[in-house]
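What the coordinates show
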Amino acid sequence: MKETQRPSLVNTIWCLIQEYKSTRELKKIHTHIVTSPNLSKNDRYFLLTRLLFVCAVSDSGSLSYAADVFRLIKSPNTSVYNVMIRGYATKINDGDGTNWPPSLILYKQMLHDGIEPDCLTFPFLVKECTRRLHGDTGRSIHAQTIKFGFHNDVFVHNSMISLYMACGRLRCARKLFVYMLHRDVVSWNSMIIGYLRSGELDMALDLFRRMKKRNIITWNSIITGFVQGGRPKEALEFFHEMQIISNDMVRPDKITIASVLSACAYLGAIDHGKWVHSYLRRSGLDCDLVMGTALVDMYGKCGCVEKAYEVFKAMPEKDTLAWTAMISVFAVHGFGHEAFDLFEEMKILGVKPNRVTFVGLLSACAHSGLVEKGRWCFDIMRRVYLIEPQVYHYACMVDILGRAGLFEEAEGLIRSMSLEPDVFVWGALLGGCQMHGNVKLGEKVALYLIDLEPLNHSFYVNLCDLYAKANRFDDIKKIRALMKEKGIKKEAPGCSLIEVEGVVHEFSVKGSPDLVMEEVFWTLVGCPKNIYCQGFGRMADQYMRDVTLIIAGKDTSVLTWFFNMLCKYPFVQEKVAEEAREATEADNSTEVALEKMQYLHAALTETLRLYPAVPVPYPRGCVIDLQKRCDSKRPPTARKWARMIELLAYMILALVLYELNCAKYIWELAISVVAFHARRSLRNRKRYHPVAGTVFHLLFNFRRLHHFMTDLARKHRTYRLLGLFRTEVYTADPANVEHILKTNFENYGKGWRHYTVLKDLLGDGIFTVDGEKWRHQRKESSYEFSTKTLRDFSSAVFKTNAAKLSRILSEAASSNTTIEIQDLFMKSTLDSVFKIVLGVELDNMCGTYEEGTRFSKAFDEASAITLYRYVDIFWKIKRFLNIGSEAALRNSIQVVDEFVSKVIKSKIEQVHKPQDNLTSKKGDILSRFLELNETDAKYLKDIILSFIIAGKDTTATTLSWFIYILCKHPHLQEKVAQEVREAIKLKDNSSVDELAASITEEALDRMQYLHAALTETLRLYPAVPVDGKLCFSDDIWPDGFTIRKGFSVSYQPYAMGRMKYLWGDDAEEFRPERWLDENGLFQQESPFKFTAFQAGPRICLGKEFAYRQMKIFCAVLLHSFVFKLSDEKKSVTYRTTLTLHIDGGLHLRVSSRLGHLIYTLHMRAHRLRLHQVKGDSKVKFSRFIFYKMILLEKGRSRWHYKVCPLNLLKRLDYLLLDQYAA
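Residues numbered from 1 in each chain as written. Predicted model: local features only at pLDDT ≥ 70, side-chain atom pairs only at ≥ 80, totals over all residues. Heavy atoms only, no water.

1. Some details on empty space enclosed by the protein
- Scanning the entire structure with this criterion turns up 1 cavity of 30 Å³ or more.
- Quantified by volume, the largest cavity comes out at close to 50 Å³.
- Around the largest cavity sit L1018, R1019, P1053, M1056, G1057, W1063, K1089, F1090, T1091 and A1092, which together line it.
- Classifying every residue of the lining of the largest cavity by side-chain character gives 6 nonpolar, 2 polar and 2 charged. (1 Å grid on protein atoms, 1.4 Å probe; cavity = no way out; pocket = protein on both sides within 12 Å on 5 of 7 lines; lining within 4 Å. Points joined across faces, edges and corners; volume = space filled by probe spheres on them. Nonpolar A, V, L, I, M, F, W, Y, C, P; charged D, E, K, R; others polar.)

2. Structural notes on the pattern of salt bridges
- Scanning all chains against the criterion turns up 37 salt bridges.
- A salt bridge links R231 to D202; the shortest N-O distance between them is 3.2 Å. One end of the pair, R231, is in the loop between α13 (216–228) and α14 (232–245); the other, D202, is in helix α12 (residues 201–210), and 29 residues separate them in sequence.
- Note on R231: relative accessible area 24%, which makes it partly exposed.
- Through salt bridges that share partners, E1016, R1019, D1066, R1071 and R1074 make up one connected network. (Salt bridge = Lys/Arg side-chain N within 4 Å of Asp/Glu carboxyl O. Helix = DSSP H or I, 4+ residues; strand = E, 2+ residues; numbered from the N terminus. Buried < 20%, exposed > 50% of the residue type's maximum accessible area, 1.4 Å probe, protein only.)

3. So, the sheet that holds strand β15 (residues 1147–1152)
- Pairing within the open sheet is antiparallel, and its 3 strands lie in the order β7-β15-β12. Taken across any chain shown, the strands that pair with only one partner, and hence form the sheet edges, are β7 (818–820) and β12 (1121–1125). On average, each strand axis in the sheet is tilted by 45 degrees relative to the strand beside it, whichever way the strands run.
- Relative to β15, β12 is paired through 5 bridges, and the arrangement is antiparallel. Directly across from L1125, in β15, lies its bridge partner L1148. (Pairing = 2+ DSSP bridges. Axes fitted to C-alpha atoms, helices over the stretch in contact; angles between N-to-C directions.)

4. A word on helix α19 (residues 320–332)
- Taking 1.5 Å of rise per residue, 13 residues should cover 18 Å, and α19 covers 18 Å from first to last C-alpha, within 8% of that figure.
- In terms of burial, α19 is a largely internal element, 10 of the 13 residues being buried.
- Taken together, the buried positions of α19 are T320, A322, W323, T324, A325, M326, I327, V329, F330 and A331.
- Where α19 is buried, its residues touch α17 (289–301), α18 (305–314), α20 (336–348) and α21 (355–368).
- Where α19 terminates, the next one or two residues include G334, which has phi positive at roughly 80 degrees. (Expected span 1.5 Å × (residues − 1). Contact = heavy atoms within 4.5 Å.)

5. Details of the UniProt feature "binding site: heme" (unreviewed entry) in the chain
- According to UniProt, the "binding site: heme" (unreviewed entry) feature falls on C1100.
- Along the chain, the position of C1100 falls in the loop between α56 (1060–1063) and α57 (1103–1120). (UniProt positions renumbered as here; feature names shortened; annotations may be inferred.)

6. A look at a nonpolar patch on the surface
- Residues I873, F874, I877, F880, L881 and I883 make up a contiguous nonpolar surface patch of roughly 710 Å² in combined accessible area.
- Relative to the elements of secondary structure, L881 occurs in helix α46 (residues 875–881). (Patch = residues over 30% accessible without salt bridge, like charges linked within 9 Å, V, L, I, M, F, W, Y side chains within 5 Å. Areas by Shrake-Rupley, 256 points an atom, 1.4 Å probe, with all protein chains shown as cover.)

7. Structural notes on the sheet that holds strand β6 (residues 748–749)
- With mixed pairing, the 6 strands of this open sheet are ordered in space as β3-β4-β5-β11-β8-β6. The open sheet terminates on both sides in strands that have one partner only, identified here as β3 (691–694) and β6.
- Of the pairings in the sheet, the one linking strand β8 (residues 1027–1031) to strand β11 (residues 1048–1051) comprises 4 bridges and is antiparallel in character. Its bridge partner being in β11, D1027 is matched across the sheet by Y1051.
- The strands touched by helix α39 (residues 705–715) within the sheet are β3, β4 (718–722) and β5 (727–731), with β4 carrying the most contacts at an inclination of about 125 degrees.

8. With respect to the packing of helix α25 (residues 423–436) against helix α26 (residues 439–452)
- Axis separation between α25 and α26 bottoms out at 9 Å; the angle between their running directions is 150 degrees. As judged from the angle between their axes, α25 and α26 are roughly antiparallel. Seen from above, α25 lies across α26 with left-handed handedness. Residue-level contacts link V423, W426, G427, L429, L430 and C433 of α25 to L441, G442, V445, A446, Y448, L449 and L452 of α26. (Parallel < 35°, antiparallel > 145°, perpendicular 65-115°, else oblique. Left-handed = near helix turned anticlockwise from the far one by under 90°.)

9. Brief notes about the packing of aromatic side chains
- The tally for this structure, following the rule as stated, stands at 32 aromatic pairs.
- Ring geometry for W1075 versus F1082: centroids 5.9 Å apart, planes at 5 degrees, classification stacked.
- Residue W1075 is classed as buried on the basis of its relative accessible area of 1%.
- Among the aromatic residues, ring-to-ring pairing joins W1063, W1075, F1082, F1090, F1093 and Y1107 into one connected group.
- A cation over an aromatic ring shows up here: R1019 above the ring of W1063, its NZ or CZ 5.2 Å from the ring centre.
- Taking NZ or CZ as reference, R1058 lies 5.3 Å from the ring centre of Y1021, over its face. (Phe/Tyr/Trp six-rings, centres within 6.5 Å; stacked < 30°, edge-to-face > 60°. Lys NZ or Arg CZ within 6 Å of the ring centre and 35° of its normal.)

10. Details of the nonpolar core
- Judged by nonpolar contacts, the single largest core of 163 residues is most densely connected at L52, M84, I222, M298, F358 and L429.
- Split by domain, the residues of this core number at least three in each of domain 1 (326–388) and domain 2 (397–486).
- Beyond its immediate stretch of four places on either side in the chain, M84 contacts L52, A56, A66, A67, F70 and L106. (Core = buried A, V, L, I, M, F, W, Y, C linked by side-chain atoms within 4.5 Å. Domains from an automatic or database assignment.)

11. Quick look at the UniProt feature "repeat: PPR" (unreviewed entry) in the chain
- Those residues carrying the UniProt feature "repeat: PPR" (unreviewed entry) are residues 184–218, 288–318 and 319–353 in this numbering.
- With 74% helix and 0% strand, residues 184–218 has end C-alpha atoms that lie 12 Å from one another.

And the structure:
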């Protein structure tokens, strides 16, 4: 009977444990478990462990009682220890109060009792270390994981990454992440969150872009991190990208919406905020307390008080936070009475205010001047709601009293504080002193604040303002000198953000967008823009007097004439504006700012001299010349008006002198005028970069063109070459490159010449067009290149073609023939890019597809002739006459167009077949475009051919140069091959298909030295050695020199990679270590310094694809083969084309790496051990090693075992391995 009742009794007690309501019930259950005679030993142990779990882990459990239960369990196993360790790690408020974590003490006891931990033990131990920020202890736990064999467990690794990130050890976390064999989405999220919390937003973004699969935590982390990191505009872009890229499984949740609303509030982007609000309605998410409060805060910070109140009233439920948010909105916008009305309504509904609520109420009193309300609010906070005032409450109260001029009461309040007043309290008092001009008290407070925070610039500025109001200018100079001595500057300039038609503009005292500022200025003044160019003659004096009345506050003809002079001399206007910005940059007072405006003072005085309010005769010899004191940068129309006025003045003055019979003064005047204009012409001439030669020098040095341009770049970072029809500017200065590719990127494009050269082959593809066409193609291409489908599909294609190339090299190694590796790379990359773009197997390497081979030859010929157009000045004539190279080009383009059009048509037909759509999802780019309903055949052909020409030559040439460098540095070749073997961890006798399949994303990430070596190759031998643009309008570069409209500008990746001022004295040496940090991990350089992939908005979309393809090819080939130059004495150089091809190709001899290894070991064994063998055995021993080398290389192991005894084979293996280790 007892045996049948026991299971039901155990189940009953287990149910009671799960459904307990208080600790008292648990104690009763515990008593019953211990005292019940109907429970076996195993049942009692099971129930105690369940009871322990509930007490230690559940939210309502008691950890102290769990410790009592734990002590009563005899011989606890690993699971029992794990429960207690988990309880100590997760229950923050429990513990013994010591510095040593109780979970670690328990772990130490666990080891002492001889119980080994499992994979669930360490994550909780690491969590405890993370919570307490015990980095050193965490490293010890890491060592324990390795000791017990859990170093490859993904959960342990994820917890260790979180620990290292929380403790600020980013490099340790990065190294652990790189060498993880298996990564899940938690691993990626841990790294991204750690980088975001450490302020490394760019590193987090890099990992985010590389993630294959993202969940909602990933998106929320990147959006929230960028909002909190001060980059809310990018956070909004991530939100829109999330909606476009993510599938239905990942949708924005409440955390996403709250973060996006915070970004809108930070930017003041009301249009974006309204759109997010409407999205919230459409998406079906409940507008709960959190969402409603976030919307109220967003609308309030964007200035829409009525909309914020509307959302607030529509909230079905409101908690304290919601009421507080609405009160704060009223407070910020000066609606003090409305804030207190809302507070009264809040009290009626029984909602209890918190500390933040009273901060909002006190702020409302400060902004609305409600002193009595402020006193009442401060009193009831303590007396009625029993909330002890904190420092920020005192700061608000002091601010109220200071604004009202009640300084004695404010000082008394500060003295009565139970807390130590901080800088905010004293700062509020200082603000009141500034407002009311209380210099004595303000000076005392400011000096005290400077003692508290000597590096805070605002206190110095406020003190200067006080001194200025008291006319103590000597003291101002002392404070300025003290700031300069300490190096104190205002780090963040004052700025404002506005949203115009969905675009957020920032206005800063350090500068704002020129176009926007020009529009604001002319809108404020109220005159048309053409006045700026047409001179002041069309602006009526009365109109200027009205403008003066608005700006100056009084009507005076002097200011009218002053604005007249500013319109006539725009350079003076710019200089006055620049001085005004500098004078107000450091929050100077009005008096101090005006004192610093010395040039403005001089310009006004000069206006008074020329146009005095009470006219008097001008002194003899007076020449109207305001520009004599300035640098002239006037537009042509204004310069013409100025010259006409000056000429008229000279003529009038000459006539006066002639009438006075002062002929000698006329000659003196003429000489002075000529001398003055000569000096001004020299002084005001625009600065251009130095002339280093002409385009004919490029023709003379055409074969060594890039060496010649590198020599010029060493002399001049930026230089000009003069041509017959245009000037060409070449730069190797990263600052200028950044200006071209990012800062003023809209001003530099491909231009009409580039378009006409490439149009016949590439049409309106992304590499030929500018403007809106380029943006459209860039946007669509960017989306496609970021999809996981394309990444996986391209990786499979790269592996297949790498294996195919490996078989060709294996045949060459067996026959000991010379190969031309550059040609093989060209064919292989063309096969790869064609498969990825069009989804068609071209098989150019083997030549089995006749139509594909015909296309390949036609495409190569068309590409070569198209590039030749850049140096062929007669190509347009040839095209018109259809002769020579242009006739061949036309035939080749026809073949290319027919083949591509045929493939596109076939793909479109497949898309319209429902059975094809159901069976498989295509991964090639063309199929992806067709899925987006893009069926314009010409558009598809143009963009596809651009992708093909971009992915064909560049990767192939880089791989060729890389193999060449490895041949010149055999030790580097061995180092790379060794890293590949360690990353892949595959047996030497595996097939090439197995080898290619083993190259996973994780294995590629572990090939850090290979990545660095490829990057170093691109630095010295960039695929595109010179990249040119056309300047669309006059510009000034960061180095101060002028670039005129129509100039051809080029930056030089080849020359920049060899500049010592960029890369050090070893700039021309091949040293991959320069790209690795102290942990051996790859570190990026500025894209404006390493320009192989362009930078800025035009950065190469296929950068990651190129690296992946090169690493896969190198891994497959270097794992299996050893490369040597066929002729070591023959020099290898480039052929001058748009891409850096090796002239004449790269001829190599390739051998099996296994055979090479055996041969090396044979030679070592022969040298080191042959003297130990006597007689005829010498010949037998040497011959046997030679046979083994040959037979293993050819794979004839079966015959080998017949000939050689097994024991002799083993002895030989031991000998070879021993020598290899030596």
